[in-house]
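# Breakdown of the fold
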Amino acid sequence: MQTEAKKNVTIKWKRKVNTQTRSRYMWAYLFILPQVIVFFSLSIYPIIMSYVYSFYNWTGIGPLDEFIGLSNYMELLKSEEFYRAFRNTLIYTFFFTIISVSVALVLALILNMPRLKGKGFYRTIYFLPVVTTTSIVGIIMANIFGAQGFVNTVLLNIGFINQFIPWLTDSLLAMIILILVGSWKSIGITMIYWLTGLQMIPYELYEAAKIDGAGPWKTLRYITLPLLKPIGATILFLTVVSSMHVFDLVKTLTNGGPYYATDTLELFIYRFAFGSELGSARVGFASAAGVILGIFVFLVTLVFAWLVARANKTKGKRLKGAGNL
């Protein structure tokens, strides 16, 4: 009798626990339901429809009644404007990544020094551009580097130049300014990533290296840099992907000029999707360009995912051999 009573109590207790668990899960799913709806309606649905629109000659208004198959893609592959925007995007991504990653690493190494005073102040100063709206930064920089902007005025007044420098109206200078401003805008967040990686390295390794007589250069070469490889691969991936989605800075700073010399893929898509500069909009054609951009970013993501996985595999080996200087 006692055994049966214990069994009944156990069964009732399990049922109560299951009921409470289901109720807790139900409330959890109920709370995340609005976010799921927003995500599918504003992210998943537009992505799916962009593939559909790319097969139509559609202006964005009216029904989808002119199916043209792969014509938009064939036109893109023959478009010099598309290849120019693609090339500019790759140029911006390459130099933006080199500057952002390397300079942010140097800043992180300096700000990670134990004896450095005022770390909080310096971190705030370097991180401040990150929280500033990109479009506002572009507008301000356009005024600063304009023909009669702040930079030219100062250089002219101090006698360094005799005439205004065409910072934003020369093809090469405009791309350089765009890359430098974009890098300056994002260095702060990349620096925080590097600082996180530096603070994850066990301090005991540095103490052991110091006892063995290793100097700062050997410590950096054989301990810091090897152990930063996993997070470094992740930082590189995030930087590359984010640099490919440059739109608001280009739109407000150069607007793709001069003569589309700083035109990027996202600005190219925007120009054809809304048709503000080309007459009627071509949403189908712009969607095809967006699909190609999405596929390219996806392939880049796969490559960097492989690099991150490979870097994580070697992390344990680096930790074992870090003491053998």
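It should be noted that the structure appears before, not after, this text.
Residues numbered from 1 in each chain as written. Predicted model: local features only at pLDDT ≥ 70, side-chain atom pairs only at ≥ 80, totals over all residues. Heavy atoms only, no water.

Quick look at the overall build of the protein now. Helix and strand counts for the protein come out as 14 helices and 0 strands. Each helix and strand of the protein, placed in order from N terminus to C terminus, yields the pattern α-α-α-α-α-α-α-α-α-α-α-α-α-α. Counting across all 325 residues of the protein, residues that qualify as buried make up 35%. Accessible surface, the protein as shown: approximately 20,300 Å² in total, 67% of it carbon and sulfur. (Helix = DSSP H or I, 4+ residues; strand = E, 2+ residues; numbered from the N terminus. Buried < 20%, exposed > 50% of the residue type's maximum accessible area, 1.4 Å probe, protein only. Areas by Shrake-Rupley, 256 points an atom, 1.4 Å probe, with all protein chains shown as cover.)

Further remarks concern the pattern of salt bridges. Taken as a whole and judged by the stated rule, the model has 2 salt bridges. One salt bridge in this structure joins R282 and E75, with 2.8 Å as the shortest N-O distance. Here the residue R282 occupies a position in the loop between α12 (265-274) and α13 (283-313), and E75 occupies one in helix α2 (residues 71-77), the gap between them amounting to 207 residues. In this structure R282 comes out as partly exposed when scored by relative accessible area, which is 24%. One salt bridge connects D263 with R271, and the closest N-O pair in it is separated by 2.9 Å. Considered together, D263 and R271 belong to a single accessibility category, that of buried residues. (Salt bridge = Lys/Arg side-chain N within 4 Å of Asp/Glu carboxyl O.)

With that settled, the discussion passes to the nonpolar core. Taken as a class, soluble globular proteins show a tendency for nonpolar side chains to be buried jointly. L76, F82, L265, F268 and A289 are the most contacted members of the largest nonpolar core, which totals 23 residues. For this core, the elements supplying multiple residues, two or more each, are α2, α3 (80-111), α10 (229-244), α12 and α13. Each residue touching L265, except ones within four places of it in the same chain, is listed here: F82, A85, F86, T89 and L293. Counting 20 residues, the second-largest nonpolar core is a separate cluster that includes F96, W167, I179 and V181. (Core = buried A, V, L, I, M, F, W, Y, C linked by side-chain atoms within 4.5 Å. Contact = heavy atoms within 4.5 Å.)

This part covers a nonpolar patch on the surface. On the surface, a cluster of nonpolar side chains totalling about 1,300 Å² of accessible area is made up of Y25, M26, W27, Y29, L30, F31, I32, L33, V36, I37, F39 and F40. Note that W27 resides in helix α1 (residues 2-53). (Patch = residues over 30% accessible without salt bridge, like charges linked within 9 Å, V, L, I, M, F, W, Y side chains within 5 Å.)

Let's shift gears to the packing of helix α8 (residues 203-211) against helix α9 (residues 216-227). Where α8 contacts α9, the axes come no closer than 11 Å and their chain directions differ by 165 degrees. By the angle class used here, α8 and α9 are roughly antiparallel. Note that α8 runs across α9; the crossing there is right-handed. On the side of α8, the interface is formed by L205, Y206 and A209, while α9 contributes T219, I223, T224 and L227. (Axes fitted to C-alpha atoms, helices over the stretch in contact; angles between N-to-C directions. Parallel < 35°, antiparallel > 145°, perpendicular 65-115°, else oblique. Left-handed = near helix turned anticlockwise from the far one by under 90°.)

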